[in-house]
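Residues per chain are reported as follows:
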Amino acid sequence: MKGPDAPVVVGVDGSSSALAAVRWAAEECARHHTRLRLVHGYSLPVRGYPEIIMTGNEIRRAIQDQAHEWLTEATAAARAAAPGVEVVTEVVADSGTHLLIEESRAARLMVLGSTGLGNVTGLLVGSTALALASHGECPLVVVRGTAVPDGPVVVGVDGSPTSEAALAFAFEEASTRGCGLTAILCWQDFMVESAYSATRFTVDWGQVEGEERRLLAQRLAGWQEKYPDVEVHRVVLRDRPVRALMRYGAEAQLVVVGSHGHGGFAGMLLGSTSQALVYNAPCPLAIVRQAG
């Protein structure tokens, strides 16, 4: 169990996207009264200095000097966004993805920008984000798109354990931010047909929608009791989860999903819904894994 003082960790690579992630994370630290940790991982290039004769130590020092410049710039961005937040930095000789997975063991939250500088820094953001979502030990936020300041937190619900973890995260964020929460449950014809072993001509779609609404109400009941300050808007749609979350996310502060769900019936598998949102979410995206 991580303590309340666990830091928010950001992978920094010198890109403008990473600086946006740093600013978002600093404001998150201010809301949750915790510290911000900025890290950069590097590995020595196999090639890349064809016209300059440099020793291994000289290459290492050059990379470290560049990393420290990036972290200094990121620290300034964090302090401008949230002046009272404690900021610590570290440069580590480790590949970006492996480093961030290790950092997630002690972190409250991992944060990445939506694009990076590529192989030089080891932060190929799409693959790194998916690796963290699959193997990290805390929630991950990919900062992309535009957050609507007075918008709600939007969460995808499917009844799976990771969906419950996503609800816990989403309600806490909505309560801390003082905003509403939009809970979305999607279902599709082929999912219901498979579940009921029936054709579309024998299914009572009105009854199915009623059952889905009851499921959503059941999933939300306990959380609404725990967070009575959060106004909840329930949405049940006969639609694809990605399409619905993209649409509602365009007016949101944050979209939250579980890292995977109930397979084809839930439509919330990492690599489908989560992967699509990593690359296309219209606002910051949180991917939450089941604890333990």
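Whatever comes next refers back to the structure up there.
Quick summary incoming for the structure in this document.

Parameters and conventions
- Residues numbered from 1 in each chain as written.
- Predicted model: local features only at pLDDT ≥ 70, side-chain atom pairs only at ≥ 80, totals over all residues.
- Heavy atoms only, no water.
- Helix = DSSP H or I, 4+ residues; strand = E, 2+ residues; numbered from the N terminus.
- Buried < 20%, exposed > 50% of the residue type's maximum accessible area, 1.4 Å probe, protein only.
- Contact = heavy atoms within 4.5 Å.
- Areas by Shrake-Rupley, 256 points an atom, 1.4 Å probe, with all protein chains shown as cover.
- Pairing = 2+ DSSP bridges.
- Right-handed = clockwise from strand over helix to strand, strands pointing away.

Quick look at the overall build of the protein chain
- In terms of helices and strands, the protein chain carries nine helices and 10 strands.
- The buried share of the protein chain, reckoned over its 292 residues, is 51%.
- The contacts in the protein chain between residues at least 6 apart in sequence include a share of 77% that link residues at least 24 apart.
- Approximately 13600 Å² of the protein chain is accessible, and the part contributed by carbon and sulfur atoms is 52%.

A few points about the pairing of strand β6 (residues 153–156)
- Burial along β6 is two-sided: V153 and V155 and V154 and G156, pointing in opposite directions, are all buried.
- Here β6 runs beside strand β7 (residues 181–187); their pairing, made up of four bridges, is parallel. Within the sheet, the bridge partner assigned to G156 lies in β7 and is I184.

Regarding the pairing of strand β2 (residues 36–41)
- When you tally the buried positions in β2, you get six out of six residues, the bulk of the element.
- Side chains of β2 alternate between two faces, with L36, L38 and H40 and R37, V39 and G41 buried alike.
- Considered for its hand, the β-α-β crossover made up of strand β1 (residues 8–11), helix α1 (residues 16–32) and β2 is right-handed.
- Both β2 and strand β3 (residues 87–92) contribute to a ladder of six bridges, which runs parallel. Looking at β3, one finds that L36 is bridged to V87.

Function cannot be read off these values alone, since they describe shape.
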